[in-house]
Amino acid sequence: MSLVEYEPGTTFPGVIGRTVAESSQAWPKPLRAKGGSPNVIFFVLDDVGYGQMSAFGGLVNTPNIDRLAENGLRYTNMHTTALCSPSRACMLTGRNHHSNGVAAIMEMATGFPGYDGRMPFENGMLSEMLLEAGYNTFCVGKWHLSPSEESTPAGPFHRWPLGRGFERFYGFLGGETNQWFPDLTYDNHSVPQPKMPEEGYHLDQDLADHAIQFMLDAHVNAPDKPFFLYYAPGCAHAPHQVGKEWIEKYKGKFDMGWDEYREVVFNRQKELGIFPEDAELSPRDPDVPEWESLSDDQKHLYARFMEVYAGFLEHLDQQIGRVLQAISDVGELDNTLIMLIPDNGASSEGGVNGAFNEMSSFNFYWETLEDILPKIDDLGGTRSYNHYPWGWSWAGNTPFRRWKKEVYRGGCTDNLIISWPAGIKAKGENRSQYAHAIDMVPTVLEALGLKPPRSVRGVSQSPIEGVSFAHTFDDPSAPTKHHTQYFEMFATRAVDHDGWRAVCGWPGPSYAEGAEKGRSIGDEITDELLDELDSNDWELYHIAEDPTETHDLADKHPEKLREMVARWYTEAGKYKVLPLDGTLMQRFLQERPHLTADRSQYVFYPDLSVVPIGSTPATFNRPHSITAEVEIPEGGAEGVLIAQGGVAGGFVLFVKDKKLHYIHNYLGLEEYRVTSSEEVPEGQVILRYEFEPTSPPEPRKGRGAGGRGQLYFNGELVGNTEFPTTVPTTFGIEGLSAGYDFGEAVSHEYRAPFAFTGELKQVTVDLSGDLIKDDEAALRQLMSVQ
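Please read these numbers as outputs of a predicted model, since none were measured by experiment.

How each quantity is defined
Residues numbered from 1 in each chain as written. Predicted model: local features only at pLDDT ≥ 70, side-chain atom pairs only at ≥ 80, totals over all residues. Heavy atoms only, no water. Helix = DSSP H or I, 4+ residues; strand = E, 2+ residues; numbered from the N terminus. Buried < 20%, exposed > 50% of the residue type's maximum accessible area, 1.4 Å probe, protein only. Contact = heavy atoms within 4.5 Å. Areas by Shrake-Rupley, 256 points an atom, 1.4 Å probe, with all protein chains shown as cover. Lys, Arg positive; Asp, Glu negative; His and termini not counted. Charge placed at Lys NZ, Arg CZ, Asp CG, Glu CD. pLDDT = per-residue confidence, 0-100. Patch = residues over 30% accessible without salt bridge, like charges linked within 9 Å, V, L, I, M, F, W, Y side chains within 5 Å. Salt bridge = Lys/Arg side-chain N within 4 Å of Asp/Glu carboxyl O. Pairing = 2+ DSSP bridges. Axes fitted to C-alpha atoms, helices over the stretch in contact; angles between N-to-C directions. Core = buried A, V, L, I, M, F, W, Y, C linked by side-chain atoms within 4.5 Å. Parallel < 35°, antiparallel > 145°, perpendicular 65-115°, else oblique. Nonpolar A, V, L, I, M, F, W, Y, C, P; charged D, E, K, R; others polar.

## Quick word on the overall build of the protein
Next up, step 1: Looking only at helices and strands, the protein has 17 helices and 30 strands in total.
Next up, step 2: Overall size of the protein, expressed as C-alpha extent along the three principal axes, is 85 × 85 × 50 Å.
Next up, step 3: Of all 786 residues assigned to the protein, the portion counted as buried reaches 60%.
Next up, step 4: Residue pairs at least 24 apart in sequence account for 74% of intrachain contacts in the protein once pairs closer than 6 positions are excluded.
Next up, step 5: Accessible surface computed for the protein: about 30100 Å², of which carbon and sulfur atoms make up 50%.
Next up, step 6: Computed over 67 positive and 114 negative side-chain charges, the separation of the two mean positions in the protein equals 4 Å.

## Thoughts on the confidence of the model for the protein
Next up, step 1: A residue-level look at the protein finds 98% of positions with pLDDT of 70 or above and a mean pLDDT of 95.
Next up, step 2: Every residue in residues 777–786 scores below 50 in pLDDT, and together they form 10 contacts with partners more than four places removed in sequence or on other chains.

## Re a nonpolar patch on the surface
Next up, step 1: Together, V603, Y605 and L608 make up a nonpolar patch on the protein surface, roughly 270 Å² of accessible area in all.
Next up, step 2: Structurally, the position occupied by Y605 is in the loop between β20 (601–604) and β21 (624–632).

## Some remarks on the sheet that holds strand β16 (residues 484–489)
Next up, step 1: Sheet architecture is open: four strands sit in the order β16-β17-β18-β19, paired in antiparallel fashion. Edge positions in the open sheet fall to β16 and β19 (539–542), since each of these has one partner strand only. Taken pair by pair, the neighbouring strands of this sheet meet at an average axis angle of 15°, ignoring direction.
Next up, step 2: Bridge analysis of β16 against strand β17 (residues 492–497) gives six bridges, and the strand direction is antiparallel. Residue pairing in the sheet places Q485 in a bridge with D496 of β17.

## Observations concerning the pairing of strand β30 (residues 759–766)
Next up, step 1: Sheet analysis places β20 next to β30, joined by four bridges and oriented antiparallel. By the bridge assignment, Q601 is partnered in β30 with D766.
Next up, step 2: As paired strands, β21 and β30 are joined by seven bridges and run antiparallel to one another. Looking at β30, one finds that E631 is bridged to E759.

## A word on the pattern of salt bridges
Next up, step 1: For the structure shown, the criterion picks out 42 salt bridges.
Next up, step 2: With a closest N to O distance of 3.7 Å, D581 and R587 form a salt bridge.
Next up, step 3: Exposure remark for R587: the relative accessible area of 2% places this residue in the buried category.

## A few points about the nonpolar core
Next up, step 1: Core analysis: the largest hydrophobic core is formed by 81 residues, its most contacted members being F43, L229, Y231, W258, V323, L340 and W392.
Next up, step 2: In terms of residues, this core owes the most to one element, helix α7 (residues 296–329), which gives 16 residues.
Next up, step 3: Excluding residues within four positions of it along the chain, F43 makes contact with Y231, I320, V323, L324, I338, M339, L340 and I341.
Next up, step 4: Counting residues in hydrophobic clusters, the runner-up holds 50 residues, among them M129, C139, L416 and F473.

## Points about the environment of E679
Next up, step 1: Within the secondary structure, E679 sits in strand β25 (residues 670–679).
Next up, step 2: Looking at E679, the relative accessible area reads 48%, which means it is partly exposed.
Next up, step 3: Apart from residues no more than four positions distant in its own chain, E679 is found in contact with K658, K659 and F713.

## Things to note about a negative patch on the surface
Next up, step 1: A surface patch of like charges, here negative, comprises E271, E277, D278 and E280.
Next up, step 2: In this fold, D278 is placed in the loop between α6 (257–271) and α7.

## Quick notes on the packing of helix α1 (residues 63–70) against α7
Next up, step 1: Running from N to C, α1 and α7 cross one another at 55°; their axes reach a closest spacing of 7 Å. By the criterion of interaxial angle, the relationship of α1 to α7 is oblique. Note on element contacts: α7 touches α1 through D317, Q318, I320, G321 and L324, opposite P63, N64, I65 and L68.
Next up, step 2: Of the residues in the contact of α1 with α7, the class split is five nonpolar, three polar and one charged.

## What about the sheet that holds strand β28 (residues 716–723)?
Next up, step 1: What the six strands build is an open sheet, ordered β20-β30-β21-β26-β27-β28; its pairing is antiparallel. Because the sheet does not close on itself, it has two edges, and the strands there are β20 and β28. Along the sheet, successive strands turn relative to each other by an average axial angle of 15°, direction set aside.
Next up, step 2: Here seven bridges tie strand β27 (residues 706–713) to β28, and the two strands are oriented antiparallel to one another. The residue of β28 that forms the bridge with F713 is E716.

## What to know about unusual backbone geometry
Next up, step 1: Following C235, the chain continues to A236 via a peptide bond in cis, the omega torsion being 10°.
Next up, step 2: Structurally, A236 can be placed in the loop between β9 (227–232) and α5 (244–248).
Next up, step 3: Here the bond from L578 into P579 is cis, since omega is 5°, no more than 30 degrees from zero.
Next up, step 4: Within the fold, P579 resides in the loop between α15 (558–574) and α16 (585–588).

## Description of the pairing of strand β24 (residues 659–666)
Next up, step 1: Within β24, seven of the eight residues are buried, which leaves it mostly tucked inside the rest of the structure.
Next up, step 2: As paired elements, strand β23 (residues 649–656) and β24 share seven bridges and run antiparallel to each other. Bridge pairing links L653 to Y662 in β24.
Next up, step 3: Here β23 folds back onto β24 in antiparallel fashion, the turn holding two residues, of which D657 has a positive phi close to 55°.
Next up, step 4: With seven bridges connecting them, β24 and β25 associate as antiparallel partners. Counted as the bridge partner of H661 is T675 from β25.
Next up, step 5: Connecting β24 to the next strand, β25, in antiparallel fashion are three residues, including L667 with a positive phi near 55°.

Structure representation (structure tokens):
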């Protein structure tokens, strides 16, 4: 006897009598996908340039991604927003980034509708749509789509993955994490990494393990149920970290330098049919030095940076291969619709020299050759937080201009590979139709035979702003349906329309050219300056004939340029792009509404989840104290009382060798410390550290306030020193922990987690400026023995 089913919310069609014998059953119809529905996977790579993967002619070996291209299609005219969170918002909703309130990364939200970082629920995600269509939904890797102030153990969780239609999540909530010591979240709670690097741990392997587990767990229990997997590794975002065996595979492979790299890759791209034979390579970037102008030491170091990056990316390719093999082993690969795409172009955040510690640049300290070269053998390892020089970013985006965060094509034109053997007849072909990240959702829906839902979880839905390109799967000559697309990122602007492109760089076409006009990256844009930009700085390119933005036609076609600029403003008004904001650090430091009132005092308890950086006390450049209430057993105790940060910068208060120590890690360059002159007494004791600024900060020079660091036992001064400077702005991505050091160690003086072995009752960080007044005689005596 077949079961009777009915739609939930409709009238029960069975019969209810006085007894079961005179009644008939009917069941609410379960969510069930249509028979034969394909699985769907989005592989979203991070900061991978157009000319880096071998699948698009690059010199980084990506054999598993190559196989996807050989069994599917390369889309050579695909676009993103030029930055991670905005692009991901587009990919998951089918709406533009400003329509999602995601003008930039979540940590740079400001109080305007297109910029506030609160993705509206009327912009449903593909995960929510497919969940209601009977799919399992899994998210693995980087999220970076919830406001930073909501990404804490206090929630709210409605903008975390499980609040946006994903049934399972394993990864990290922020924009980047350490590959050796990641900040992991499992579903809705923080978890420690399963093993340490010396035991073979690497985040990319861990993510692949969990993706495979999620898929197979579901398959074992419901083998006919399709899944949607959003797989977003941290690779190849900085820090570029991977085992030495992967780095050594590329030893000497980039000694030719970035200039020759571009020539070689561009020729390979032509051989693959990505560009026509008469296409031109974009000219030298004024911000990038010629390779032959570099010293031997520079060439040696810069080539090594690229070797590390290449090993990192190939290692990711292996993990993607593991995921694909697991799907193949259960016979599902042919009926899996796969889209693989980076979120933006290659990143320039390493600066001209590269960085051993990427966080240096966020504190306006640009590392020198002399800073980095002695540590060359540690690049990619557990002591590094490295990023390559921007010469490799420029080369990585071959053949285009510029890089991530800018909307020249090097920042926003990306590789897209689609594979679906059961649904696409064509194999190994290129598609040149114009497309954008907002087109991915409508393309998937059309391929699955689904219509955009009118409501999701009771919320009426906004129109999807992208258009499907599914009609191009088996028709290489089909025209694009996407005719106009605007771009805006940190006030760099562009608009594409039917083969034409207008672009306005900020602070100029390059940093060097902007400086010639008295402009710097991060400057505020005034009304007068905007008028100047609109009058003089827009460029015009006929991309259909000049795909690399090489020939500016603004002077030849002024009417066309005016039409394109007007079109940009029309799109900007439609999609909440205004007001323009060219600032950077001001947006990071923007005051935002938090769940709790402003605090001058923070109390932490031992052995809890790590406190994310958005909820940590801002101790920078101000007087503050740290007070730990402890009980020391007979024979003493040791371990961390409180720590924030890691090798890239941070602070730690800890007990070792019966002494109390405070260490301030200044950007991985210096460790400033103060140590108690006496042993920590046994029994109940209050241990305290205080910082009193004595010299002003110079944040634009990478220097925070210098000052006096002091230690106290039960109010008695036992340690005093002067710190010449401190970290001015940020310790990086690693949060705060009490009773242990989460992740990587702040100092090489101990090995994390170095949990405290006494009893720690609580640690209080006070920002009120209420400091102990020292006895002058005691202070002089202590100074005399330092």
